[in-house]
Amino acid sequence: ANYYKAECEYFNNKQSEAVKSYQFVVDQSTNEYTEKSLIRLTSYYVKQNDCENANKYFAMLEPVASSKNTFIDAIMGAMRCSYKLKDYDKAKQKAIQLLPIENVPKENLVEANMVLGRIQLKDNNLRTAKSHFDYVISESRNELTAEALFQRATIYYQQTDLDAARTDVLKLNDDYSAYEIWVVKGFILLSDIYLAEKDCFQAKATLQSIIDNYNKEDDGLLDICRMKLKEIDKLENSKKAKAIKEE
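So, here is what we can say about the structure in this document. Because the structure is predicted, anything quoted here is derived from the model rather than measured.

Analysis parameters
Residues numbered from 1 in each chain as written. Predicted model: local features only at pLDDT ≥ 70, side-chain atom pairs only at ≥ 80, totals over all residues. Heavy atoms only, no water. Helix = DSSP H or I, 4+ residues; strand = E, 2+ residues; numbered from the N terminus. Rg over C-alpha atoms; globule rule 2.2 N^0.38 Å. Contact = heavy atoms within 4.5 Å. Areas by Shrake-Rupley, 256 points an atom, 1.4 Å probe, with all protein chains shown as cover. Buried < 20%, exposed > 50% of the residue type's maximum accessible area, 1.4 Å probe, protein only. Axes fitted to C-alpha atoms, helices over the stretch in contact; angles between N-to-C directions. Parallel < 35°, antiparallel > 145°, perpendicular 65-115°, else oblique. Left-handed = near helix turned anticlockwise from the far one by under 90°. Nonpolar A, V, L, I, M, F, W, Y, C, P; charged D, E, K, R; others polar. Phe/Tyr/Trp six-rings, centres within 6.5 Å; stacked < 30°, edge-to-face > 60°.

Considering the overall build of the protein chain
Broken down by element type, the protein chain carries 13 helices and 0 strands. Listed N to C, the secondary structure of the protein chain is α-α-α-α-α-α-α-α-α-α-α-α-α in terms of helices and strands. At 24 Å, the protein chain has a C-alpha radius of gyration far larger than the 18 Å of a compact globule built from 247 residues. In terms of principal-axis extent, the alpha carbons of the protein chain reach across some 90 × 35 × 30 Å. Put simply, of all contacts in the protein chain between residues at least 6 apart along the chain, 48% involve residues at least 24 apart. Accessible area for the protein chain stands at about 13,900 Å²; split by element, carbon and sulfur atoms hold 49% of it.

Overview of the side chain of Ser-191
Along the chain, Ser-191 turns up in helix α11 (residues 180-196). Ser-191 sits in the buried class, given a relative accessible area of 1%. Not counting residues within four places of it along the chain, the set of residues in contact with Ser-191 comprises Ala-203, Thr-206, Leu-207 and Lys-228.

Comments concerning the packing of helix α9 (residues 143-158) against α11
Where α9 contacts α11, the two axes come as close as 10 Å, and the packing angle between them is 15 degrees. The angle between α9 and α11 places the two elements in the roughly parallel class. Viewed along their axes, α9 and α11 form a crossing whose handedness is left-handed. Contacts from Glu-143, Ala-146, Glu-147, Phe-150, Ala-153, Thr-154 and Tyr-157 of α9 reach α11 at Trp-182, Lys-185, Gly-186, Leu-189, Asp-192, Ile-193 and Ala-196. Broken down by class, the residue content of the contact of α9 with α11 amounts to 8 nonpolar, 2 polar and 4 charged.

Regarding the packing of aromatic side chains
Counted under the stated rule, the structure contains 10 aromatic pairs. Seen from their ring centres, Tyr-10 and Phe-11 are 5.2 Å apart, and the 90 degrees between their planes marks the pair as edge-to-face. Considering the side-chain rings of Tyr-45 and Tyr-57, the 5.9 Å spacing of their centres and the 10 degrees angle between planes classify their relative orientation as stacked. Taken together, the residues span a long stretch of sequence, with Tyr-45 in helix α3 (residues 34-47) and Tyr-57 in helix α4 (residues 51-64) at a distance of 12 residues. A single burial state applies to Tyr-45 and to Tyr-57, both of which are buried. The rings of Tyr-3, Tyr-4, Tyr-10, Phe-11, Tyr-22 and Tyr-33 are connected pair by pair, giving a single aromatic cluster.

So, the environment of Ala-196
Secondary-structure assignment places Ala-196 in helix α11. For Ala-196 and Leu-162, which are 34 residues apart along the polypeptide, the C-alpha to C-alpha distance reads 8.3 Å. Beyond its immediate chain neighbours, meaning those up to four positions away, Ala-196 contacts Tyr-157 and Leu-162.

This is how it looks when you write it as structure tokens:
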């Protein structure tokens with residue numbers, strides 16, 4: 001009775017009342033309406049961006065899922081919510097759980113590899129992170145691919161493989177220019193590559209080009225460019241001062 005009451009409330013756009021009724025259903029012992037109620041609850045809390053509650057119900061949904069799609073959805077939901085909550089150990093666990101399952105949709109495997117790549121990079125496990133980004137780059141063509149190219153370029157830069165880093169930045173610009181934030185981050189990295197090659201002129205020109213052409217102040221990238229320009233100017237001035245002193 002509570003499930004049908006919840007459905008009536010749900011379809012009459014009485015979401016908060018419906019949630020209480022679905023919660024009543026799932027608080028009882030497992031029954032034929034448990035899974036359907038959990039699917040409604042997880043969907044509601046994801047839409048509300050309430051990851052704490054969504055995660056709670058994804059954990060309950062996974063063991064009662066009657067179809068493979070629902071089982072995979074529960075794992076993916078828990079992975080996404082855990083990552084948003086910065087519970088990286090749990091996010092990593094759910095991503096790893098997903099990978100060996102047969103016939104998982106490619107976009108889910110790409111997303112799981114992206115999450116694993118970010119977490120491994122955060123933990124400075126560069127080689128493992130790169131292998132996950134490699135998968136994303138080879139198996140997708142979307143914003144995650146753009147991010148993966150930038151992150152892989154960052155890894156190459158940290159490993160002082162400057163040519164490989166530059167190649168990924170240029171590929172990012174050529175093939176994924178629609179994802180502007182990653183292209184801009186890539187060019188900021190390119191300025192670091194030039195600086196590592198002691199080419200201050202190109203480093204400054206790259207940063208100035210971003211300042212001249214990128215108009216979003218709220219993401220902090222322009223501030224980074226201005227700060228880096230000042231640092232290069234200081235570096236050049238100290239070199240000049242040292243040269244004068246030596247004369």
